[in-house]
Amino acid sequence: VLSGADWATNRYRRDLWVAAADGRGEPRRLTWSGSASMGDPSFSPDGRMLAFTTAREGGRAQVWVLPLEGGGEAWPLTDLKTSVANPVWSPRGDRIAFTSSLSPEELAQGGAAQNGGAKPDSARVDAAAIRGIHRDRAAALAAIRAKLEQTARSGDARHVTRRNYLGETSLAEERWAQLYVAEVKPGAKAVQLTRTAFPSGAPAWSPDGRSLVYSATRPEEGVHPDWTDDSDVFVLPATGGEPRRIAEPRFTASNARFSPDGRWIVYQRQPYDTVFSTAVNFELMVMRPDGSDRRSVTGPMDRSVTSYALTDDGWLYFTVQSEGAVPLYRTRLDRIDPRPVVSGPRGVTSFDVAGGTVAWSQMHPRRPSDVFAARADGSAERRLTALHDSLLAGVYVGDYEEIR
């Protein structure tokens, strides 16, 4: 995803580009949408299609599919009333799972069903109970709320009902991310798999395509999700049904995925019962699908993990924050021994690995973002893009000094 400032309209624009992993030829532009919400690109398992999210013509972000072989225009896979995110292909490439966030009212009305699609039998929600949680907790604040409502009616303020209400540039709405699955064909109706009054994280497929693993913050009875700090790993049938919970007390779990052979689940965790709950490391963990044999990958490193990727031949790649840089490491799942792949005074901001090649976007103190690639062990490194060479040819970037 290439992001740039459009000075004429005073906004950012993002589009998709592709570069050859061997460094030959020039990078090629794939989209010309100019949408600020363009993102989440994901290759189909056979590499013939690309899924991504974008908000076209001022609408809400939806999943689109772009053919990469034989030409053709991108076409919309989803048409929900709410924005979607986190598209991920099934192992066979016939389905895409994704998330969309719904309000309590939308949950009570049956969700943002695509094109009037049917509601799943497993959907259950008690909207009155959701609103009751707010009313019960607000008893001691009745006078303040009355004042808030009065000013809201006059247009001077908004009635805040959430604990974590403050976003970066706006107030956060009360919406909970739900899981969906859609067949990859035009006109397919997305099936909503969850309908819960709490958020669910990005899903990932099991190798056999029968299940989805994800994380969710499921509160105790009568407790609002904003007041629940821990989250657990869940495994849900890809056709819907009752999820299986893999709990780990006193930790917040996120970003769970199956290993390609199905023998492990990898996830990130962070303890939440500390004095400074946000000033602790994100730890990379592996466990069996039943929750047994938990092992830490990054605990002995005393570094916070930022992202990770798994390969078909049993390697686990991950990035950590370390001494002002973001290096890339890898280890075997069957014998944990992390070794650096990309190191030095630079930051790996995103990466992926496949077919014996690792590719990453990189920041450096004296050079803005570019895309790099190397062999799976980090050797034969090569730069694939030269996005800022013309700019750097005409300006001086100050040197830096490392201070310890």
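For the structure itself, look to the data block above.
Remember, it's a predicted structure, so these values are computed and weren't measured experimentally. (Residues numbered from 1 in each chain as written. Predicted model: local features only at pLDDT ≥ 70, side-chain atom pairs only at ≥ 80, totals over all residues. Heavy atoms only, no water.)

Q: What is the right way to read the overall build of the protein from this model?
A: For the protein, the helix and strand inventory stands at four helices and 28 strands. Taken against the 2.2 N^0.38 rule, which gives 22 Å for 404 residues, the C-alpha radius of gyration of the protein at 23 Å falls within 12% of a compact globule. When the backbone C-alpha atoms are referred to their principal axes, the protein occupies close to 65 × 50 × 45 Å. Split into buried and exposed, the 404 residues of the protein put 41% on the buried side. (Helix = DSSP H or I, 4+ residues; strand = E, 2+ residues; numbered from the N terminus. Rg over C-alpha atoms; globule rule 2.2 N^0.38 Å. Buried < 20%, exposed > 50% of the residue type's maximum accessible area, 1.4 Å probe, protein only.)

Q: Just to check I follow, could you spell out the nonpolar core for this structure?
A: Among the nonpolar cores identified, the biggest contains 17 residues, and Val 63, Leu 77, Ile 96 and Phe 98 are the most heavily contacted of them. Every element with two or more residues in this core is listed here: β7 (62-67), β9 (84-89), β10 (95-102) and β11 (176-183). For Val 63, the contacting residues outside a window of four places in its chain are Ala 51, Phe 52, Thr 53, Trp 75, Pro 76, Leu 77, Thr 78, Val 84, Pro 87, Ile 96 and Phe 98. Judged by nonpolar contacts, the second largest core, of 14 residues, contains Leu 284, Val 286, Tyr 308 and Val 320. (Core = buried A, V, L, I, M, F, W, Y, C linked by side-chain atoms within 4.5 Å. Contact = heavy atoms within 4.5 Å.)

Q: Before we go on, may I ask you to explain the sheet that holds strand β26 (residues 357-364) in this structure?
A: By definition, the strands of a sheet pair up through backbone hydrogen bonds, in either a parallel or an antiparallel sense. Strand order in the open sheet formed by four strands is β25-β26-β27-β28, and the pairing between neighbours is antiparallel. Two strands bound the open sheet, and with one partner strand each, they are β25 (347-354) and β28 (382-383). Of the strand pairs in this sheet, strand β27 (residues 367-375) and β28 are connected by two bridges, and their pairing is antiparallel. Across the sheet, the residue bridging to Ala 373 is Arg 382, located in β28. (Pairing = 2+ DSSP bridges.)

Q: Any chance you could explain the side chain of Ser 211 here in plain terms?
A: As for its position among the elements, Ser 211 is in strand β14 (residues 211-216). With residues near it in sequence (within four places) discarded, Ser 211 still touches Ala 204, Trp 205, Ser 206, Val 235, Leu 236, Pro 237 and Ala 238.

Q: Looking at this structure, how should I read the environment of Ser 83?
A: With respect to the element layout, Ser 83 can be found in the loop between β8 (75-76) and β9. When its relative accessible area of 34% is taken as the criterion, Ser 83 is described as partly exposed. Measuring from C-alpha to C-alpha, the distance between Ser 83 and Ser 100 comes to 5.9 Å, with 17 residues separating the pair along the chain. Residues contacting Ser 83, with those up to four places away along its chain left out, are Arg 60, Ala 61, Gln 62, Thr 99, Ser 100 and Ser 101. Among the polar contacts listed, one links the side chain of Ser 83 to the backbone nitrogen of Ala 61, at a separation of 3.5 Å. (Polar contact = N/O pair within 3.5 Å; in protein donor to acceptor, adjacent residues only side chain to side chain.)

Q: Help me out: how do you make sense of the sheet that holds strand β24 (residues 339-342) in this one?
A: If you walk across this open sheet you meet the four strands as β21-β22-β23-β24, and the pairing is antiparallel. Across the chains shown, the open sheet's two edge strands, defined by having one partner strand only, are β21 (304-310) and β24. Across the sheet, the axes of successive neighbouring strands diverge by a mean angle of 35°, strand direction being ignored. The sheet contact formed by strand β22 (residues 315-321) and strand β23 (residues 328-332) spans five bridges and is antiparallel. In the sheet register, Trp 315 faces β23, and the bridge partner there is Arg 332. (Axes fitted to C-alpha atoms, helices over the stretch in contact; angles between N-to-C directions.)

Q: Sorry if this is basic, but what is going on with the environment of Ala 182 here?
A: Secondary-structure assignment places Ala 182 in strand β11. In contact with Ala 182, not counting residues within four places along its chain, are Leu 77, Asp 94, Arg 95, Ile 96, Phe 98 and Ala 190.

Q: It is not clear to me how the packing of aromatic side chains should be interpreted in this structure. Could you clarify?
A: Aromatic ring pairs are reported here in terms of the distance separating the ring centres and the angle at which the planes meet. Tallying each qualifying case throughout the model produces four aromatic pairs. Between Tyr 214 and Phe 234, the aromatic rings sit 5.7 Å apart at their centres with planes inclined by 20°, giving stacked as the arrangement. Taken as a pair, Tyr 214 in strand β14 and Phe 234 in strand β15 (residues 232-237) lie far apart in primary sequence, 20 residues in all. The burial state of Tyr 214 is the same as that of Phe 234; both residues are buried. (Phe/Tyr/Trp six-rings, centres within 6.5 Å; stacked < 30°, edge-to-face > 60°.)

Q: Please explain the pairing of β10 as it appears in this structure.
A: Burial within β10 is extensive, with seven of its eight residues counted as buried. Bridging between β9 and β10 involves four bridges; their strand directions are antiparallel. Considered in β10, the bridge of Val 84 is made with Ser 100. What sits between the antiparallel neighbours β9 and β10 is a turn of five residues, in which Gly 93 has the positive phi angle 75°. The pairing of β10 with β11 spans eight bridges and is antiparallel. For Arg 95, the partnering residue across the bridge sits in β11 and is Glu 183.

Q: Would you explain unusual backbone geometry in this entry?
A: Most peptide bonds take the trans form, and the phi angle of most residues other than glycine is negative. Of note in this structure, Asn 10 is not a glycine but carries a positive phi near 55°. Take Asn 10: it is sitting in the loop between β1 (2-6) and β2 (11-15). For Asp 302, which is not a glycine, the phi torsion comes out positive at approximately 55°. Summarising the element assignment, Asp 302 is placed in the loop between β20 (295-296) and β21. Judged by its relative accessible area of 54%, Asp 302 falls in the exposed class.

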